[in-house]
Amino acid sequence: MRHNKKFNHLGRKTAHRKAMLANMASSLIAHKRISTTVAKAKALRMYVEPLITKAKNDTTHSRRIVFSYLQDKEAVSELFRDVAEKVADRPGGYTRILKTGNRLGDNAEMCIIELVDYNEAMLAAKEEAAAPKKRRSRRGGAKKAETTAPVAETEVATAEAEVVEEAPATEAKAEETTEEPKAEDSAEEKKEE
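Values in this document were obtained by computation on a predicted structure and should not be read as measured data. (Residues numbered from 1 in each chain as written. Predicted model: local features only at pLDDT ≥ 70, side-chain atom pairs only at ≥ 80, totals over all residues. Heavy atoms only, no water.)

Trainee: Account for the nonpolar core, with residues named and values stated.
Mentor: Ranked by internal contacts, the top residues of the largest apolar core, which has 33 residues, are L44, I52, L70 and L79. Sorting the residues of this core by element identifies α1 (14-31), α2 (38-55), α3 (60-70), α4 (73-86) and β3 (109-115) as the ones contributing at least two each. In terms of residues, this core owes the most to one element, α2, which gives 9 residues. With residues up to four places along the chain from it excluded, the contact list for L70 reads A22, A25, S26, I29, L51, A75, V76 and L79. (Core = buried A, V, L, I, M, F, W, Y, C linked by side-chain atoms within 4.5 Å. Buried < 20%, exposed > 50% of the residue type's maximum accessible area, 1.4 Å probe, protein only. Helix = DSSP H or I, 4+ residues; strand = E, 2+ residues; numbered from the N terminus. Contact = heavy atoms within 4.5 Å.)

Trainee: Can you tell me about α2, naming the residues and giving the values?
Mentor: In this model, α2 (18 residues) spans 25 Å end to end at C-alpha, consistent with the 26 Å of a helix rising 1.5 Å per residue. At R45, α2 shows its largest bend, some 25 degrees. When α2 is considered as a whole, its buried residues turn out to be V38, A41, A43, L44, Y47, V48, E49, L51, I52 and A55. If you follow the buried residues of α2, they end up packed against α1, β1 (33-37), α3, α4, β2 (95-102) and β3. (Expected span 1.5 Å × (residues − 1). Bend = angle between axes of the 7 residues up to and from the residue.)

Trainee: Please provide a residue-by-residue account of the environment of L79, values included.
Mentor: Relative to the assigned elements, L79 resides in helix α4. Exposure remark for L79: the relative accessible area of 0% places this residue in the buried category. In the structure, L79 is positioned 13 residues away from V66 in sequence and 9.3 Å away in space, judged by C-alpha atoms. Leave out the neighbours within four places in its chain, and L79 touches I29, L51, I52, A55, V66, L70 and A84.

Trainee: Lay out unusual backbone geometry in plain terms, naming residues and giving numbers.
Mentor: For N4, which is not glycine, the phi torsion reads 60 degrees and is therefore positive. Secondary-structure assignment places N4 in the segment before α1. Residue K32 is not a glycine yet carries a positive backbone phi of 75 degrees. The exposure class assigned to K32 is buried, which follows from its relative accessible area of 14%.

Trainee: Would you mind going over the sheet that holds β1 in detail, with residue names and values included?
Mentor: Taken together, the 3 strands give an open sheet; going across it, the order is β1-β3-β2, and neighbouring strands pair in antiparallel fashion. Edge strands, defined here as strands with exactly one partner in the open sheet, are β1 and β2. Direction aside, the axes of adjacent strands within the sheet are offset by 25 degrees on average. The sheet strands contacting α1 are β1, β2 and β3, and the helix crosses β1 at an angle near 145 degrees. (Pairing = 2+ DSSP bridges. Axes fitted to C-alpha atoms, helices over the stretch in contact; angles between N-to-C directions.)

Below you can see the structure in the form of structure tokens.
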């Protein structure tokens, strides 16, 4: 019986699965984002996030533990040097999975798994969104009473300007109505000829 055995075996024996996850974790640390299937990305997330948490505490013991998982000196030094600095204030959730559609050959669901703090495009969008936006509120209190008097004066001035503008418009309509029969008369004269 396989009661309470919940992790994905990914169709591989234990040694093959551990080697594959170690290689994928090293690639993720080196390149900051990799493309893979969704099932492998979810397994990799469970594998690499505890290692990144261990990298926050830079001791010989934690370096040896991480090396026992990754088996790659360059990946371990990169993890403790660069990645641990970036994620120092983050309490978890160091990776992001972005689904990209299905693979052509076998229709497997593909995705990109990346380290959250290394996506420059999303970080730039987040900074733009964090900029304070100007908000106008109807609840002015004392400000509303002060601004109502000048607003009323400008409304009267704009109303007077509209009245002045309407008068030429009505004169133009009157001229158009007198010009239309002339056009009809000229058309009738052409028919008679």
